[in-house]
Structure formats: C-alpha cells, structure tokens
Amino acid sequence: MKLKSLYLLALPATLAFIGATASAHTHGPELHLTPGLNANKIAQTDAAMRDLWVEHAFLVRNVVIAMAAGNNTATTAVEAEAVRNAQQIAKAMEGFYGKAGAEQLFELLAGHYGAVKQFATANLANDTALQDTAREAMLSNAGKLAVFLSAANPYLPIDAVRGMLLAHGGHHITQIMQLSSKNYAGEMQTWGEMKNHMYAIADAVTSALAMQFPEKFK
C-alpha cells in the first residue's frame, strides 16, 4: 500500500491530535493544562524545537535541489548540515531521555533522511521500483519513530504520532516530485504546509515534555 494511502488511514487520529495540541497552544502549550509551570521556559523550549524541526525540512529541501542540479559539492555541504541538525534534535532530547535515548533518536532520524534521499535519487533516475522501496523504508521508519516516541512519553500517542510522521513523509515525496517537474508554484504551497506541520510536531513534542517533566519547566 502506498505511503499516501496509509497516511489517509491515519488521518482521523492525526487531525484529532493536532487539534488537541493546537487548542493547548498559543505559541506554546496553554498553561492551564499544567498549572505552576514557567511560561517563559515552555515558550523558549517550543521556539527552539520549532527552529530545529523547520531547519530539518529546509535542509532536506536544499539537498533535493542540489541533487536535481547535479551539484555534488553543494549536496555534500548541505547534507553535512542536515546530519548536524539531526544531531541537534537528538541532543535536545538528551536532557529528558539520556544519552542512550538521544543516540537511538539520532539513528531513527538518520533512517528517515536516508529514505527521503533514496526516494529523491530514485525519482531523478525515474526508477519506480526504487521509489516504492524508498516509500516502504519511510513507512517503516515512521513506525519505528512513533514506537520510540510514544514509549518514551505517554503524552505522545502512537497512532497520532505515526500519522503525523506519515504526513511529513508525504510532504517530502510531494515536494521532491514537484521540484523535479519544475512545478514551483505547487512546491511553494507544499513548503508552506510542510513548515506549519513542522511547527505542529514541535509544539506536540514540547507540550508532551512539559506534561511528562513538569519539574524541568518550573
């Protein structure tokens, strides 16, 4: 089954979770849900998380553009930044889940990036079989990430998290295909949706951290 179809199956739970998260946020989590917490600490954490997750999407987009242009030097340079960003996302979680948890998260994020790059490579080569393989790798990785995050934090329900990650993968795929077909207007719309979705993921993570570790946000 294609990634997009699986995302549609997960959509109801995803929308419910995003809606609940949005209602619990202005810029960050709404404090009446977690009384006694420091609003500034939560807002600062949320802003940092948003920057990291949006940077992931931005850097991967730049890798795809460099690959399409056949610019190996640019691809290597931006790819190094994408790896650094994944390390920073993992490092941001180390204070909550320890070094081992951060290392596991980095490996999963690396797997996500590997699947996206594989799809971009397959798309450039017009290799439909490899595209299907990349989609399956993305699907598998989304499941593993959802298992990891929901096991680490009870406020991140597995089905909703998996749905959000599938939606993110769907954005990558759409963006890659739009860029390769020079559908720049369509890709700009996808980028806007992707950016807002990254904010939703970051907000959900921040909200869940504040609820699980209230002592760190006082």
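Since we're looking at a predicted model, the values are computed, not measured.

J.: Got a minute to help me understand the environment of glutamate 103 in this structure?
T.: With respect to the helices and strands, glutamate 103 occurs in helix α3 (residues 72-124). For glutamate 103 and methionine 93, which are 10 residues apart along the polypeptide, the C-alpha to C-alpha distance reads 9.7 Å.

J.: Explain the packing of α3 against helix α4 (residues 128-152) to me, please; I cannot follow it from the model alone.
T.: Think of two packed helices as two axes; the pair is described by the angle between the axes and how far apart they sit. For the pair α3 and α4, the least separation of the axes is 8 Å and the interaxial angle reads 160 degrees. As the angle between them shows, α3 and α4 are arranged roughly antiparallel. Here α3 runs over α4; the crossing is left-handed. Broken down by class, the residue content of the contact of α3 with α4 amounts to 14 nonpolar, 9 polar and 2 charged.

J.: I'm lost on the pattern of salt bridges in this one. Help?
T.: Side-chain pairs of opposite charge can arise where the charged atoms are in close proximity. Applying the stated criterion to the full structure yields 8 salt bridges. Note that arginine 61 is salt-bridged to glutamate 187, the shortest N-O span being 2.8 Å. Linking arginine 61 in helix α2 (residues 39-68) with glutamate 187 in helix α6 (residues 184-212), this pair joins segments that are 126 residues apart in sequence. Here glutamate 187 falls in the buried class, since its relative accessible area comes to 1%. Of the charged contacts, one joins glutamate 94 and lysine 91 as a salt bridge, the two residues approaching to 3.2 Å between their closest N and O atoms. With glutamate 94 and lysine 91 both in helix α3 and 3 residues apart, the pair spans about one turn of that helix. For lysine 91, a relative accessible area of 54% corresponds to the exposed category. Through salt bridges with shared partners, a single ionic network connects Asp46, Arg50 and Asp203.

J.: Teacher, can you tell me more about the nonpolar core here?
T.: Core analysis: the largest hydrophobic core is formed by 39 residues, its most contacted members being Met49, Trp53, Leu105, Leu209 and Phe217. Going through the elements one at a time, α2, α3, α4, α5 (158-180) and α6 are the ones with two or more residues in this core. At 10 residues, the largest contribution of residues to this core is made by α6. Not counting residues up to four positions away in its chain, the partners in contact with leucine 105 are Ile89, Ala90, Met93, Leu145 and Phe148. Counting residues in each nonpolar core, the second largest holds 17 residues, with Leu59, Val78, Val116 and Leu179 among its members.

J.: Even after reading the chapter, I still don't get the packing of aromatic side chains, so can you show me in this structure?
T.: Two measures describe an aromatic ring pair: the distance that separates the ring centres and the angle between the ring planes. Counted by the stated rule, this structure contains 4 aromatic pairs. With a centroid separation of 6.2 Å and an interplanar angle of 10 degrees, the aromatic rings of phenylalanine 96 and phenylalanine 217 are classed as stacked. Taken together, the residues span a long stretch of sequence, with phenylalanine 96 in helix α3 and phenylalanine 217 in the segment after α6 at a distance of 121 residues. Look at phenylalanine 217 and you get buried, because its relative accessible area is 2%. Among the aromatic residues, ring-to-ring pairing joins Phe96, Tyr97, Phe213 and Phe217 into one connected group.

Reading guide: rules and limits
- Residues numbered from 1 in each chain as written.
- Predicted model: local features only at pLDDT ≥ 70, side-chain atom pairs only at ≥ 80, totals over all residues.
- Heavy atoms only, no water.
- Helix = DSSP H or I, 4+ residues; strand = E, 2+ residues; numbered from the N terminus.
- Axes fitted to C-alpha atoms, helices over the stretch in contact; angles between N-to-C directions.
- Parallel < 35°, antiparallel > 145°, perpendicular 65-115°, else oblique.
- Left-handed = near helix turned anticlockwise from the far one by under 90°.
- Nonpolar A, V, L, I, M, F, W, Y, C, P; charged D, E, K, R; others polar.
- Salt bridge = Lys/Arg side-chain N within 4 Å of Asp/Glu carboxyl O.
- Buried < 20%, exposed > 50% of the residue type's maximum accessible area, 1.4 Å probe, protein only.
- Core = buried A, V, L, I, M, F, W, Y, C linked by side-chain atoms within 4.5 Å.
- Contact = heavy atoms within 4.5 Å.
- Phe/Tyr/Trp six-rings, centres within 6.5 Å; stacked < 30°, edge-to-face > 60°.

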